[in-house]
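A structural walkthrough
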Amino acid sequence: RLFHTFFCPPLRIAAYAAKGTVHDLEKVFDRLVPPWRFVRIPKALYIVEVNPGNDLPEESVKAMYEYESGQVHLAGVCGAWEATVSLNSLLLALFAQSVADMRRVHKVYQKRGVVELDVMREQFPVWMRGKIADSAGFLMDFAGVYDVPRPAFSLARQVLQAENPFLDEILAAGIAGVPWQKDFANECLRCGKPASWRPVLSAPDGMPVESAWRYLRPENTVPLCNKCAAYLGWNKSEPVRLDAGWGLWGMRFESFWQWHRGWQGNKLPQWDRCEYPLWPHEYGGNSWADGSGAVKDVDPRPPKGVRRLKRHKDALSRVLGAATTRTPNRYPLSIRGLIPVEQ
């Protein structure tokens, strides 16, 4: 009952067990699982995998159960297929990737002998450190089970020990902090000419690099050409930058802003960064458009389709139609207070 998501996107996995009667199935497992994760499933009759945003086909599962119990005829409500790819082949691919990640570490540390946190920070970006730590955990789970070169296990153990203080954050970065700029169109928000994605906020002084990767996310950037950036006074005016990010990204920028202010005020709640890699679930809605930070919504996406309310549209209008005549050091009123979302 050991499942792995291998090369899959994030999946919702549910398991159903019989409670004693044909018409009584019990859901014993229901989780969103990110890629490259092992999942231990309780004893069950059926395992169902669906896209994170889809409803579970519980009526179909019940119909399958009744059909197999000889009670009813299955009227084409379920589908199935025969798996032709062996588990050994998939495990071999995982081991190959994990050992390759340890080889990257070995190239850095072959003359040092010991894995050190400072050198990991210097040599690898945070998202890559998350991938390496994930591979290290995978190898350690199978220590003594498969014949893998012993130095790989030794490096894996050292990586996990060195990264332990920030393990949750770098694993979250491995899921949600992968570079994205080359995949996005680069048209200027204001004039439509070729542009670059410019950050709205910078990481505060003293923030560990293991948390600062969120400032590289698309929700904290706006595409502007050099001419429009100079016209708006982008580098000098924080209110302009806030209006632009707030107006362009709507509810997603507000969620990022709440995380940013929570970190500044040392008021971030404890949260599961594997389930919500970006920010706590209290800071966003239930969908990508509403600012969700859940694993199902972490893939970088352009701002098309994000939810914008009147305050967001007003902020965007100020940026698109205004120059640099603004009150210095003024936060937009609504974003400063994070007023409740209008229904």
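Quantities reported herein were computed from a predicted structural model and do not represent experimental measurements.

1. Here's the deal with the sheet that holds strand 3 (residues 25-33)
Ordered by their spatial adjacency, three strands build an open sheet running 3-2-5, and the pairing between neighbours is antiparallel. Of all strands in the sheet, those with a lone pairing partner are strand 3 and strand 5 (46-50), marking the two edges. On average, each strand axis in the sheet is inclined to that of its neighbour by 20°, with strand direction left out of account. Bridge analysis of strand 2 (residues 11-18) against strand 3 gives eight bridges, and the strand direction is antiparallel. Within strand 3, the position partnered with Ala17 by the bridge is Glu26.

2. Considerations on the pattern of salt bridges
In this structure the tally under the stated criterion is 16 salt bridges. For the salt bridge of Glu169 with Arg273, the shortest nitrogen-to-oxygen distance reads 3.2 Å. Here Glu169, found in helix 6 (residues 167-176), pairs with Arg273, found in the loop between helix 9 (238-264) and helix 10 (310-321); they are 104 residues apart in sequence, far enough to count as distant. For Glu169, a relative accessible area of 9% puts it in the buried group. The exposure class assigned to Arg273 is buried, which follows from its relative accessible area of 16%. Among the salt bridges present, the one from Arg311 reaches Glu254, with a minimum N-O distance of 2.7 Å. One end of the pair, Arg311, is in helix 10; the other, Glu254, is in helix 9, with 57 residues separating them in the sequence. As far as burial versus exposure is concerned, Arg311 and Glu254 are alike and both buried. Because the salt bridges share partners, they merge into one network encompassing Arg121, Arg129, Glu163 and Glu210.

3. A word on the layout of surface pockets
There is about 280 Å³ of room inside the second largest pocket. Around the second largest pocket, the lining comprises 19 residues; the ones closest to its centre are Pro35, Trp36, Lys131, Gly174 and Ile175. Among the secondary structure elements, those contributing two or more residues to the lining of the second largest pocket are helix 2 (87-109), helix 4 (126-141) and helix 6. Classifying every residue of the lining of the second largest pocket by side-chain character gives nine nonpolar, five polar and five charged.

4. Concerning the side chain of Arg241
Tracing the chain through its elements places Arg241 in helix 9. For Arg241, the contacting residues outside a window of four places in its chain are Pro199, Val200, Trp234, Asn235 and Lys236.

5. Topic: the environment of His260
Examined against the element boundaries, His260 turns out to sit in helix 9. Within the structure, the side chain of His260 is placed 2.7 Å from the side chain of Tyr215, a separation counted as a polar contact.

6. Structural notes on the pairing of strand 5
Only one face of strand 5 is covered, namely the one carrying Tyr46, Val48 and Val50; the face carrying Ile47 and Glu49 has none of its residues buried. Sheet topology places strand 2 next to strand 5; five bridges connect them, and they run antiparallel. Along strand 5, the bridge assignment pairs Ile13 with Glu49.

7. Some thoughts on the packing of helix 4 against helix 5 (residues 150-163)
Direction vectors running N to C along helix 4 and helix 5 enclose 125°, while the axes themselves pass 9 Å from each other. Looking at the two axes, helix 4 sits oblique to helix 5. For the pair helix 4 and helix 5, the sense of crossing is left-handed. Between helix 4, through Arg129, Ile132, Ala133, Ala136, Gly137, Leu139 and Met140, and helix 5, the contact on the second element is made entirely by Ala152, Phe153, Ala156, Arg157, Val159, Leu160 and Glu163. Along the lines of polarity and charge, the residues of the contact of helix 4 with helix 5 split into 10 nonpolar, one polar and three charged.

Definitions and limits used
Residues numbered from 1 in each chain as written. Predicted model: local features only at pLDDT ≥ 70, side-chain atom pairs only at ≥ 80, totals over all residues. Heavy atoms only, no water. Pairing = 2+ DSSP bridges. Helix = DSSP H or I, 4+ residues; strand = E, 2+ residues; numbered from the N terminus. Axes fitted to C-alpha atoms, helices over the stretch in contact; angles between N-to-C directions. Salt bridge = Lys/Arg side-chain N within 4 Å of Asp/Glu carboxyl O. Buried < 20%, exposed > 50% of the residue type's maximum accessible area, 1.4 Å probe, protein only. 1 Å grid on protein atoms, 1.4 Å probe; cavity = no way out; pocket = protein on both sides within 12 Å on 5 of 7 lines; lining within 4 Å. Points joined across faces, edges and corners; volume = space filled by probe spheres on them. Nonpolar A, V, L, I, M, F, W, Y, C, P; charged D, E, K, R; others polar. Contact = heavy atoms within 4.5 Å. Polar contact = N/O pair within 3.5 Å; in protein donor to acceptor, adjacent residues only side chain to side chain. Parallel < 35°, antiparallel > 145°, perpendicular 65-115°, else oblique. Left-handed = near helix turned anticlockwise from the far one by under 90°.

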